[in-house]
Amino acid sequence: MPTHSLDAFTLRSYPLGESDRIVVLFSREKGLGRAVAKGARKSGSSLAGRIEPLVRCRFLLAACRNLDIVSQCETVRTFPALRQDLSRLMQALCLAELTMAALAEGEPHPEAFDRFDEALRSMCRLDPQLVALWYQLKLLDDLGYRPSFDFCVLCGTPIEGESFFSPREGGVVCCRDGLRLSPLVRETLSLLQEAGISELDSLHPEKEVLGDAHRLLGEHIKLRIDARLKASSLLPLLG
Ligand SMILES: [Zn+2]
């Protein structure tokens, strides 16, 4: 069987038969794809720990008629700080779920891959909700679903002070038809939309502002991405 190597994140895995798992991989070269990890459900499998969600590995894949088969894999990065903190881990898993819901399999998205890697690294040391918002906004931009925070989406009027966000219209509106948006939340979202990852270090929005921004953007995402965002439904439990 011909083999090829692939540097990829495991985003999720699920059981296949009694002893195997199917892994959903996200690589710079190929975007989203799936492969079979044979024997990964057996106790003592050397593959099991390496195909955990959010671990980045260099895979050696054997081409097969249906799905490639993982023949070797070597860990590149494990992000231990994510696994030591439940709120970081949940936010990171949400990004993985969102990525799987948003991107089509087999289409390379090198920028999205680089940002996913940067986001996980930044989540290890920065507020995970801040990083998650940044990643979500950039991904929405890629998909053509960029929400407007500075001008009314209906009439183009510049927005100042308290405003309203309409998930249906995809941005702020000057009529009072939508979710109430405080100036601070709006400014934070607008700032994050333009920010590079290195600029996140200098942003320190309050927890409450981030929470509001997260809920609001979540409504926007729900309407646009057919997301089976299972992980995000657990977030409220974390407070
Ligand atoms: Zn308007």
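Structure: above.
Quick word on the overall build of the protein
Counting secondary structure elements, the protein contains six helices and eight strands. Walking the protein from its N terminus toward its C terminus, one meets helices and strands in the order β-β-β-β-β-α-α-α-α-β-β-β-α-α. With respect to the principal axes defined by its C-alpha atoms, the protein has extents near 60 × 35 × 30 Å. The buried share among the 239 residues of the protein stands at 47%. Considering only residue pairs separated by 6 or more positions, the protein has 58% of its internal contacts joining residues 24 or more positions apart. Carbon and sulfur atoms form 50% of the exposed surface of the protein, whose accessible area is close to 11900 Å². Positive and negative side-chain charges of the protein, numbering 30 and 32 respectively, have mean locations separated by a distance of 7 Å.

Describing the sheet that holds strand β3 (residues 31-37)
Strand order in the closed barrel formed by five strands is β1-β2-β3-β5-β4, with mixed pairing between adjacent strands. Recorded for the sheet is a direction-independent mean angle of 50° between the axes of neighbouring strands. Bridging between β3 and strand β5 (residues 68-77) involves two bridges; their strand directions are parallel. What sits directly across from valine 36, in β5, is isoleucine 69. Most of the contacts of helix α3 (residues 110-123) go to strand β1 (residues 3-16), to which it runs at about 65°, and overall it touches β1, β2 (20-27), β4 (56-62) and β5.

With respect to the pattern of salt bridges
Per the counting criterion, the structure on display carries 22 salt bridges. Its salt-bridge partner being aspartate 20, residue lysine 38 comes within 3.6 Å of it at the nearest N-O pair. Taken as a pair, lysine 38 in the loop between β3 and β4 and aspartate 20 in strand β2 lie far apart in primary sequence, 18 residues in all. According to the relative accessible area criterion, lysine 38 is partly exposed, its value standing at 48%. Several salt bridges converge on common partners, so that one network encompasses Asp7, Arg56, Arg58, Arg77, Asp117 and Arg121.

Describing the environment of aspartate 117
One can find aspartate 117 in helix α3. The exposure class assigned to aspartate 117 is buried, which follows from its relative accessible area of 5%. The spacing of aspartate 117 and leucine 191 is 74 residues in sequence and 21 Å in space, taken between C-alpha atoms. Once residues lying within four places of it in the same chain are set aside, the contact partners of aspartate 117 are Phe9, Arg56, Arg77 and Phe79.

Side note on the environment of isoleucine 69
Residue placement: isoleucine 69 occurs in strand β5. Remark: the alpha-carbon pair of isoleucine 69 and phenylalanine 9, spanning 60 residues in sequence, is separated by 15 Å. Excluding anything up to four places from it in sequence, isoleucine 69 contacts Val36, Lys38, Leu60, Leu61, Ala62 and Cys64.

So, unusual backbone geometry
Positive phi values are uncommon outside glycine, yet leucine 54 reaches one of about 80°. Residue placement: leucine 54 occurs in the loop between β3 and β4. Of the residues examined, leucine 54 reaches a relative accessible area of 0% and is grouped as buried. The phi torsion at phenylalanine 79 lies on the positive side, around 55°, for a residue other than glycine.

Examining the nonpolar core
Core analysis: the largest hydrophobic core is formed by 54 residues, its most contacted members being Phe26, Phe116 and Leu200. The dominant element in this core, judged by the number of residues it contributes, is helix α4 (residues 128-143), at nine residues. Summarising the domain contributions, this core has at least three residues from each of domain 1 (3-77) and domain 2 (80-238). Each residue touching phenylalanine 26, except ones within four places of it in the same chain, is listed here: Asp7, Ala8, Phe9, Leu11, Gly31, Leu32, Thr99, Leu103, Ala112, Phe113 and Phe116. In terms of nonpolar packing, the next biggest core, distinct from the first, is built from 15 residues, Ala35, Ala37, Leu47 and Phe59 among them.

A word on the coordination of the zinc ion
Taken together, Cys152 (SG), Cys155 (SG) and Cys174 (SG) make up the full set of protein donors to the zinc ion, lying 2.2 Å away. In primary sequence terms, the donor set of the zinc ion follows C-x2-C-x18-C. Overall, cysteine 152 belongs to the buried group, its relative accessible area being 5%. Residue cysteine 155 is classed as partly exposed on the basis of its relative accessible area, which comes to 49%.

Scoring rules and cut-offs
Residues numbered from 1 in each chain as written. Predicted model: local features only at pLDDT ≥ 70, side-chain atom pairs only at ≥ 80, totals over all residues. Heavy atoms only, no water. Helix = DSSP H or I, 4+ residues; strand = E, 2+ residues; numbered from the N terminus. Buried < 20%, exposed > 50% of the residue type's maximum accessible area, 1.4 Å probe, protein only. Contact = heavy atoms within 4.5 Å. Areas by Shrake-Rupley, 256 points an atom, 1.4 Å probe, with all protein chains shown as cover. Lys, Arg positive; Asp, Glu negative; His and termini not counted. Charge placed at Lys NZ, Arg CZ, Asp CG, Glu CD. Pairing = 2+ DSSP bridges. Axes fitted to C-alpha atoms, helices over the stretch in contact; angles between N-to-C directions. Salt bridge = Lys/Arg side-chain N within 4 Å of Asp/Glu carboxyl O. Core = buried A, V, L, I, M, F, W, Y, C linked by side-chain atoms within 4.5 Å. Domains from an automatic or database assignment. Donors = N, O, S within 2.8 Å, 3.2 Å for Na, K, Ca; no water.

The values are spatial; any link to function lies outside them.
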